[in-house]
Amino acid sequence: MCNFGSDILPIFSFPPKPIILFLYPDSSCLSRRSAIIRYPPPEAITPKSYSPDVVLYYCNMNNQSLLQYLSISLPAIPIQGSAPSRNTTNPRYGAEDITQVVDWPEFNYATIIQRYGGFLNSKQIASDPFRSPPAAIRDEPHFHLRFAELLQPRVRRALRAGFEELAPRLKQLSLVPITFDGGGSAAYVDQFRPDTAFVTLGGTYADSTNRAPGDMKVSWKWRSDYRHSQNPIFQEQYKQVLSQVNFYMGQHKARHGFVLTNTELIGVKRLDTNGSL
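Criteria and cut-off values
Note that residues are indexed from 1 along each chain, following the sequence as it is written. Two thresholds apply to this predicted model, a pLDDT of at least 70 for residue-level local features and 80 or more for giving and counting side-chain atom pairs, whereas whole-chain, interface and lining totals are computed over all residues. The side-chain quantities take in all heavy atoms of the structure and omit both hydrogens and water. By the criteria applied, helices consist of DSSP H or I runs no shorter than four residues and strands consist of E runs no shorter than two, each listed in order from the N terminus. Under the scheme applied here, a residue whose accessible area is under 20% of the maximum for its type counts as buried, over 50% as exposed, and between as partly exposed, the area being computed with a 1.4 Å probe on protein chains only. What makes two residues a contact is simply this: any of their non-hydrogen atoms within 4.5 Å. Computed with a 1.4 Å probe, the accessible areas rest on the Shrake-Rupley method; for each residue, only the protein chains presented here act as cover. At least two bridges found by DSSP between two strands are what make those strands a pair. Lines fitted to the C-alpha atoms define the axes, with helices restricted to the stretch that makes contact. Angles between their N-to-C directions range from 0 to 180 degrees. Gly is placed with the polar residues, together with every amino acid not listed as nonpolar (Ala, Val, Leu, Ile, Met, Phe, Trp, Tyr, Cys and Pro) or charged (Asp, Glu, Lys and Arg). Each residue is assigned a bend, namely the angle between axes fitted to the seven residues that terminate at it and the seven residues that start at it. By the criterion applied in these results, polar contacts are pairs of N or O atoms within 3.5 Å in which, for protein atoms, one can donate a hydrogen and the other can accept it, and in which residues neighboring in sequence qualify only through two side-chain atoms. Between Lys or Arg on one side and Asp or Glu on the other, a salt bridge is scored when a side-chain nitrogen of the former is within 4 Å of a carboxyl oxygen of the latter.

Chemist: What is the right way to read the overall build of the protein from this model?
Modeler: Broken down by element type, the protein carries six helices and 11 strands. The buried share of the protein, taken over its 277 residues, is 38%. When contacts within the protein are restricted to residue pairs at least 6 apart in sequence, long-range pairs at least 24 apart make up 60% of them. About 16,700 Å² of surface is accessible on the protein, with carbon and sulfur atoms providing 55% of the total.

Next comes the structure, spelled out in structure tokens:
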């Protein structure tokens, strides 16, 4: 359904005045439409026989490239009343599991554009600006809600559009379409469930492999600069979260994963099975 905004003048006025309706698209509308209602001559109008002639004029919404769509900055999420706390622990994984962390130099904007810039620029998608600022968060469940509102639908839409563009070359590129969802959309391994999952389209929840498990944290519990902190507690918490993602990657035999907070995204690549990331 589209949302209606209108300026309506009296119908039975002499001489008759047109009514112009402007229909503004929401996320389910495919195009912007203007409907102009034209009246018959005054002598033909009576309260009982009035039947206006409706003409619809269609015009394209503002489109943008998929690259532009993905380049729109996410609105900052305010923080309110947060309290420091520790990250998830489990006997199956821990900070001591992480033996080495090195930079991942290929994970950068220039490499992405070099490999995928062609179709990211050629694929057109209807613009979808953020319409209102997000509400504040105070804990991780709050952050999960904002993630579901702001980010998850955009990633899913971008993946769908990208694979549509690549459809004729998927076999040649040895690619299969995937989508982005909650961790429960992939198989549970020993009843563990990551926060998010990239899974193959058309698979079943019980059998799908999580191709890039993701873990979501709030910024007052984990930051990437903890890696270089002189505080041993921060260093331990840095590796603790990485050990959780590393554990999920091991369970799903995935090479890639990530940590997402309300302020940053950290891509993780598994170099071996001995805790090198």
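Having seen the model, we can carry on.
Chemist: Would you take a moment to explain the environment of asparagine 63 for this structure?
Modeler: Of note, asparagine 63 is situated in strand β5 (residues 63–65). Its relative accessible area of 46% is what places asparagine 63 among the partly exposed residues. With 62 residues separating them in the primary sequence, asparagine 63 and isoleucine 125 have C-alpha atoms 5.5 Å apart.

Chemist: What am I meant to see in the pairing of strand β11 (residues 265–269) here?
Modeler: On any regular strand, side chains alternate: one points to one face of the sheet, the next to the other face. Pairing geometry for strand β10 (residues 256–260) and β11, over five bridges, is antiparallel. Opposite valine 259, over in β11, you have isoleucine 266 as the bridge partner. Hairpin connection of β10 to β11: four residues between the antiparallel strands.

Chemist: Honestly, the packing of helix α3 (residues 140–150) against helix α4 (residues 152–166) in this entry has me stumped. Any pointers?
Modeler: Their axes nearest at 4 Å, the elements α3 and α4 cross at an angle of 35 degrees. Residues Phe147, Ala148, Glu149 and Leu150 of α3 pack against Gln152, Pro153 and Arg154 of α4. A per-class count over the contact of α3 with α4 returns four nonpolar, one polar and two charged.

Chemist: What is the right way to read helix α2 (residues 109–122) from this model?
Modeler: Given 3.6 residues to a turn, an α-helix orients residues that are three or four positions apart in the same direction. Where α2 bends most, the angle comes to about 75 degrees, and this point is tyrosine 116. When we look at burial in α2, the residues that qualify are Thr111, Gly117, Phe119 and Leu120. Looking at the buried residues of α2, the elements they touch are β5, α1 (66–71) and α4. Two or three places before alanine 110, at the opening of α2, asparagine 108 has a side-chain oxygen 3.1 Å from that residue's backbone nitrogen.

Chemist: Looking at this model, I keep getting lost on unusual backbone geometry. Mind explaining?
Modeler: In terms of backbone geometry, most residues other than glycine have negative phi values and most peptide bonds are trans. A positive phi angle is found at aspartate 190, which is not glycine, with a value near 55 degrees. With respect to the secondary-structure elements, aspartate 190 resides in the loop between β7 (178–182) and β8 (196–200). A positive phi angle, close to 55 degrees, is found at lysine 253, a residue other than glycine. Looking at the element boundaries, lysine 253 is found in the loop between α6 (232–251) and β10.

Chemist: Even after reading the chapter, I still don't get the pattern of salt bridges, so can you show me in this structure?
Modeler: Pairing between side chains becomes possible if they bear opposite charge and their charged atoms approach one another. Per the counting criterion, the structure on display carries 10 salt bridges. As a salt-bridge pair, glutamate 164 and lysine 123 come within 3.3 Å of each other at their nearest N and O atoms. You can see glutamate 164 sitting in helix α4 and its partner lysine 123 sitting in the loop between α2 and β6 (124–126), a full 41 residues away along the chain. Judged by relative accessible area, which is 48%, glutamate 164 ranks as partly exposed.

Chemist: Any chance you could explain the environment of tryptophan 104 here in plain terms?
Modeler: Relative to the assigned elements, tryptophan 104 resides in the loop between α1 and α2. Counting along the chain gives 164 residues from tryptophan 104 to valine 268, while the straight-line C-alpha distance between them is 8.1 Å. Contact partners of tryptophan 104, with chain neighbours within four places excluded, come to His256, Gly267, Val268 and Lys269.

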